[in-house]
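The chain contents come next:
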Amino acid sequence: DGQSDGTELIITLTDPLDRNSLFSVVATLNTGVADSLLLNFPTLSGRTYSIYHSTDGLFWNNLGSHPGTGTPLNIPATGNPLFDANLFRVGVTLP
């Protein structure tokens, strides 16, 4: 699935032997809010999830951190319409 076994075993608790078991972020349009997406991803209690945005893939701005609850999060994320690329990523940290 492209994710390291160590990350799956320690950070996301997904199964490294199952290519369909992986941490993924799904972006959908945030209807009614200009230039905005909803980022949906699973969370685990005891983890902190940080959302980052970049327009070039080199420099990343932290948009905020959210505690894991054991349920999926829907986080609004606004891009910049003046740039061709609006990239988002989620970082996961342990306490």
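Residues numbered from 1 in each chain as written. Predicted model: local features only at pLDDT ≥ 70, side-chain atom pairs only at ≥ 80, totals over all residues. Heavy atoms only, no water.

Student: Explain the environment of Thr7 to me, please; I cannot follow it from the model alone.
Tutor: With respect to the helices, strands and loops of the structure, Thr7 is situated in helix 1 (residues 5-12). Each C-alpha atom of the pair Thr7 and Phe23 lies 9.7 Å from the other, and the pair is 16 residues apart in sequence. (Helix = DSSP H or I, 4+ residues; strand = E, 2+ residues; numbered from the N terminus.)

Student: What exactly am I supposed to notice about the pairing of strand 3 (residues 48-54) here?
Tutor: Here is the key point about a regular strand: its side chains alternate between the two faces of the sheet. Summarising burial for strand 3: five of the seven residues are buried, a large majority. Of the pairings in the sheet, the one linking strand 3 to strand 4 (residues 61-67) comprises six bridges and is antiparallel in character. When the bridges of strand 4 are listed, Tyr49 appears paired with His66. Linking strand 3 to strand 4, which pair antiparallel, is a turn of six residues; within it Gly57 sits at a positive phi near 80°. (Buried < 20%, exposed > 50% of the residue type's maximum accessible area, 1.4 Å probe, protein only. Pairing = 2+ DSSP bridges.)

Student: It is not clear to me how the sheet that holds strand 4 should be interpreted in this structure. Could you clarify?
Tutor: Strand pairing in a sheet is mediated by backbone hydrogen bonds. Such pairs are either parallel or antiparallel. Pairing is antiparallel across the open sheet formed by three strands, whose spatial order is 4-3-6. Each having just a single partner strand, strand 4 and strand 6 (87-93) make up the two edges of the open sheet. Averaged over neighbouring strand pairs, the angle between their axes works out to 20° when direction is ignored. (Axes fitted to C-alpha atoms, helices over the stretch in contact; angles between N-to-C directions.)

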